[in-house]
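Given next are the chains, with one letter for each unit.
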Amino acid sequence: MAMDFGNAESWGSAIYFWIIPVVLGDAIFPLIPSEMVVITGGALSADGRTNVFLVGFLSALASWVGDMVVFQLFRRRLSHVLDRWAWGRRIHRGIHDAIARAGRSSTYGTIIGARFIPGGRLATSAAAGIANVAVRGFSLCAGIGAVLWACWLVGLGYFTGSATGLPFWASSLIGVVLGLVVGAAVGVIATRRRGNPSPVEEPGPLAPEA
């Protein structure tokens, strides 16, 4: 069945199925607009089209699972698997760049808070895996961070939807803009150590792309 992207009824019935794959994908591909999907879920909740608690739960769960996948990938030194394909090598280089921008820190506070910085979620999960952070500690902090992240974005969408009374898509766009402004401000403050080299130890240079 075709989806009408301007119809709240259509989004309300489909948003639950969008949240998990989009938020999971964002763990490795930061350009995937997971924030927009989660904020849209919050805006639809304000309009009575979705359940705000279910949107928050699915968002937090997908965020936690994605973080654990990246963490285990680097903790078990399996990241070289990405280098078998041209697209994988591009992802691997992107991960190195994200770690370099966000810094080396893999402390528990950073694991919780860095997800609010663009690219910080990927960089911190990878760095924690490389640093052999305890699985239980990382899992707990990633869970706390995922819940806070989901509450912030769902709440942002719900607030803009309730306060503006605009169509859900307009409220979502306003929420995304506010989220980007806050995220950029946090990023400027938290990434003053920009330029730190990536802590990933490579066995050799990545093979040139085909």
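It should be emphasised that the depicted structure is a prediction, and the values quoted were computed from it without experimental measurement.

**Some remarks on the overall build of the protein**
Piece 1. For the protein, the count of helices and strands is 8 helices and 0 strands.
Piece 2. If you list the helices and strands of the protein from N to C, you get α-α-α-α-α-α-α-α.
Piece 3. A buried classification covers 44% of the 210 residues belonging to the protein.
Piece 4. Entry remark: accessible area of the protein is about 10800 Å², with carbon and sulfur atoms responsible for 68%.

**Things to note about the environment of isoleucine 28**
Piece 1. As for its position among the elements, isoleucine 28 is in the loop between helix H1 (8-26) and helix H2 (34-46).
Piece 2. Taking the C-alpha atoms as reference, isoleucine 28 lies 9.8 Å from alanine 126; in sequence the two are 98 residues apart.

**A few points about the packing of helix H3 (residues 52-75) against helix H7 (residues 135-164)**
Piece 1. As a packed pair, H3 and H7 sit with axes 8 Å apart at the nearest point and diverge in direction by 145°. Here the hand of the crossing between H3 and H7 comes out right-handed. Along its contact with H3, which presents Val52, Val55, Gly56, Ser59, Ala60, Ser63, Trp64, Asp67, Met68, Phe71, Gln72 and Arg75, the element H7 presents Val135, Phe138, Ser139, Ala142, Gly143, Ala146, Val147, Trp149, Ala150, Val154 and Tyr158.
Piece 2. Of the residues assigned to the contact of H3 with H7, the class counts are 15 nonpolar, 6 polar and 2 charged.

**Let's talk about a nonpolar patch on the surface**
Piece 1. Nonpolar side chains collect at one region of the surface, where Leu54, Phe57, Leu61 and Trp64 lie side by side and expose about 350 Å² of accessible area between them.
Piece 2. Here leucine 54 shows up in helix H3.
Piece 3. Residue leucine 54 is classed as partly exposed on the basis of its relative accessible area, which comes to 36%.

**What to know about the packing of aromatic side chains**
Piece 1. Taken as a whole and assessed by the stated rule, the structure comprises 1 aromatic pair.
Piece 2. Seen from their ring centres, phenylalanine 71 and phenylalanine 138 are 4.1 Å apart, and the 10° between their planes marks the pair as stacked. On the criterion of sequence distance, the pair formed by phenylalanine 71 in helix H3 and phenylalanine 138 in helix H7 is long-range, its members being 67 residues apart.
Piece 3. What makes phenylalanine 71 buried here is its relative accessible area of 0%.

**Observations concerning the pattern of salt bridges**
Piece 1. Within the structure shown, the criterion is met by 4 salt bridges.
Piece 2. Salt-bridge contacts for arginine 115 lead to aspartate 67; the nearest nitrogen and oxygen are separated by 2.7 Å. One end of the pair, arginine 115, is in the loop between helix H5 (108-113) and helix H6 (120-130); the other, aspartate 67, is in helix H3, with 48 residues separating them in the sequence. With respect to class, arginine 115 is no different from aspartate 67; both count as buried.

**Quick notes on the nonpolar core**
Piece 1. The biggest cluster of nonpolar side chains holds 20 residues, and the ones touching the most others in it are Ile19, Val23, Val38 and Trp149.
Piece 2. Residue contributions to this core peak at 6 residues, all from H7.
Piece 3. Apart from residues lying up to four places away in sequence, tryptophan 149 is in contact with Val23, Ser34, Glu35, Val38, Ser59, Ser63, Arg115 and Phe116.
Piece 4. Judged by nonpolar contacts, the second largest core, of 8 residues, contains Phe71, Ile111, Ala128 and Val133.

**Things to note about H2**
Piece 1. Taking 1.5 Å of rise per residue, the 13 residues of H2 would be expected to cover 18 Å, and the 19 Å separating its terminal C-alpha atoms lies within 8% of that figure.
Piece 2. Counting buried residues along H2, 10 of its 13 residues qualify, which places the element largely inside the surrounding structure.
Piece 3. Every buried residue of H2 is accounted for by Ser34, Val37, Val38, Ile39, Thr40, Gly41, Gly42, Ala43, Leu44 and Ser45.
Piece 4. Positioned one or two residues after H2, glycine 48 has a phi angle of 80°, which is positive.

Basis of the calculations
- Residues numbered from 1 in each chain as written.
- Predicted model: local features only at pLDDT ≥ 70, side-chain atom pairs only at ≥ 80, totals over all residues.
- Heavy atoms only, no water.
- Helix = DSSP H or I, 4+ residues; strand = E, 2+ residues; numbered from the N terminus.
- Buried < 20%, exposed > 50% of the residue type's maximum accessible area, 1.4 Å probe, protein only.
- Areas by Shrake-Rupley, 256 points an atom, 1.4 Å probe, with all protein chains shown as cover.
- Axes fitted to C-alpha atoms, helices over the stretch in contact; angles between N-to-C directions.
- Left-handed = near helix turned anticlockwise from the far one by under 90°.
- Contact = heavy atoms within 4.5 Å.
- Nonpolar A, V, L, I, M, F, W, Y, C, P; charged D, E, K, R; others polar.
- Patch = residues over 30% accessible without salt bridge, like charges linked within 9 Å, V, L, I, M, F, W, Y side chains within 5 Å.
- Salt bridge = Lys/Arg side-chain N within 4 Å of Asp/Glu carboxyl O.
- Phe/Tyr/Trp six-rings, centres within 6.5 Å; stacked < 30°, edge-to-face > 60°.
- Core = buried A, V, L, I, M, F, W, Y, C linked by side-chain atoms within 4.5 Å.
- Expected span 1.5 Å × (residues − 1).

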